[in-house]
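# Fold and geometry: a report
One-letter residues, chain by chain:
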Amino acid sequence: MAPADPTVGGIFPTPRFDPGTDQWVQMLSGAGPQREAGLARLHDLLLRIARGELQRRGGQLRITGPELDDLAYQAAADALLAIVGKLGQFRGESRFTTWAYKFVIFEVSAKIGRHFWSNPAVPMDAEDWERLPGQFGLDPARETERRELADAVRRAVDEHLTPRQRQVFVAIVLNGVPMDALVTELGSTRNAIYKTMFDARRKLRAALAANGYLDDETSRHS
Amino acid sequence: MNGWTALDRFLRTDPRDVGCAEAMELLHVYAELAAADASAAQRYPGIAAHLAACGPCGEDFDGLLAAVRGPAE
């Protein structure tokens with residue numbers, strides 16, 4: 001028989017965290033007015049972090065004022081729900097507030113990603129390969145080099161990527177779709193999209209190196 | 001940096017990279033270590049490699065670090 005969980009049932013004292021963390025866990029694990037007060041206090045804290053984070057990321061959004069604050073309220077409310085749902089998973093590896101801030105930062109990211117589609121600059125599946133050199137800072141005046149780079153990458157994409165890898169590469173690299181926006185559009189996860197892109201990058205680099213465009217140490221044109 | 005160098009840097013992958021899921025799972029631990037001293041990358045090289053390569057997770061880390069370092073509640 002498995003040993004009893006010492007944190008359940010009140011037989012043993014709860015694990016010792018730092019005093020601030022202990023107070024949060026006690027408040028939120030309790031019931032009645034104490035818990036309600038804890039939830040209200042946590043919501044205020046999350047709202048402050050959400051506002052600060054939206055301000056820090058101001059350049060990624062074209063909204064301001066009440067609409068921006070509404071996003072902060074949504075992020076704080078959704079983070080609070082997630083935290084309450086996962087409170088039993090909190091293991092005290094960090095202060096409680098650091099763990100809680102993580103949820104609201106993730107909510108801000110997700111909301112910015114969703115907001116991208118309210119006014120996208122370019123459709124996610126447009127394939128204008130002439131945009132590629134500019135994405136890597138190649139001078140518009142260096143026309144021959146621009147064409148060589150675009151042609152080489154396009155050929156490697158055509159020959160080596162799966163349809164899914166191509167879709168993700170085109171959206172992120174050619175069209176500048178933020179990863180979190182693509183996650184929303186494809187109904188996927190950040191981890192899955194990153195893995196798809198990771199594999200695509202590895203394949204493309206190997207193909208470009210095999211064709212003499214890149215080597216193991218430095219680029220051919222550096 | 002010319003276009004080929006930038007492309008090369010973008011395409012390079014780090015085998016230590018743990019991916020988004022693991023980095024997000026431990027981001028609070030990593031951020032608290034990073035806020036306290038410089039040992040975070042040494043203790044979690046796979047997360048450090050990921051945060052250097054993944055823009056969205058790097059942005060989340062910057063935001064969490066700013067929150068941790070911000071004014072006390």
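Owing to the predicted nature of the structure, the values given are computational and were not obtained by experimental measurement. Here the residue numbers are simple positions, counted from 1 along each chain's written sequence. Labels follow written order: the first chain is A, the first ligand is 1, and so on. At least 70 in pLDDT is required for a residue's local features to be given in this predicted model, at least 80 for side-chain atom pairs to be given and counted, and no such filter applies to totals for whole chains, interfaces and linings, which use all residues.

### Things to note about the overall build of chain B
In terms of regular secondary structure, chain B is built from six helices and zero strands. Strands are runs of DSSP state E lasting at least 2 residues, helices are runs of H or I lasting at least 4, and numbering of each runs from the N terminus. For chain B, the sequential pattern of α-helices and β-strands runs α-α-α-α-α-α. Counting only C-alpha atoms, chain B reaches 45 × 20 × 20 Å along its principal axes. Within chain B, the proportion of its 73 residues that are buried is 44%. For chain B, long-range pairs separated by at least 24 residues make up 70% of all intrachain contacts whose partners lie at least 6 apart in sequence. With C-beta atoms placed from the backbone, the exposure class of a residue follows from how many other C-beta atoms lie within 10 Å of its own: 20 or more, buried; 12 or fewer, exposed; in between, partly exposed. Each residue gets a C-beta atom placed from its backbone, and two residues are in contact if those atoms lie within 7 Å.

### Some remarks on the interface of chain A and chain B
Contact with chain A, which involves 38 residues of that partner, is made by 32 residues of chain B. For the side of chain A that touches chain B, the secondary-structure elements that each account for two or more residues are α2 (32-56), α4 (96-116), α6 (143-160), α8 (179-186) and α9 (190-210) of chain A. Top element by residues in the side of chain A that touches chain B is α9 of chain A. It accounts for nine residues. Note on residue classes: Ala, Val, Leu, Ile, Met, Phe, Trp, Tyr, Cys and Pro are nonpolar, Asp, Glu, Lys and Arg are charged, and everything else, Gly too, is polar. Among the residues making up the side of chain A that touches chain B, the classes are represented as 15 nonpolar, ten polar and 13 charged.

### Some thoughts on the confidence of the model for chain A
Residue and element names in this part refer to chain A. You can read pLDDT as the predictor saying how much it trusts each residue, on a scale of 0 to 100. Per-residue confidence for chain A averages 88 on the pLDDT scale, and 90% of its residues sit at or above 70. Long-range and interchain partners of residues 1-12, a stretch whose pLDDT sits below 50, account for three contacts in this model, where long-range means more than four residues apart. For the stretch residues 218-222, pLDDT sits under 50, and the model shows 14 contacts to residues farther than four places along the chain or on other chains.

### Some words on the packing of α8 of chain A against α9 of chain A
Residue and element names in this part refer to chain A. Two elements in contact, α8 and α9, have axes whose closest approach is 9 Å; the angle formed by their N-to-C orientations is 110 degrees. Between α8 and α9, the angle is such that the two are roughly perpendicular. Residue-level inspection shows Met179, Asp180, Leu182 and Val183 of α8 in contact with α9, the latter providing Arg190, Ile193 and Tyr194. Partitioned by chemical class, the residues of the contact of α8 with α9 number five nonpolar, no polar and two charged. Between N-to-C directions, angles span 0 to 180 degrees; the directions come from axes that are lines fitted to C-alpha atoms, helices contributing only their stretch in contact. Roughly parallel means an angle under 35 degrees; roughly antiparallel means over 145; roughly perpendicular covers 65 to 115; every other angle is labelled oblique.

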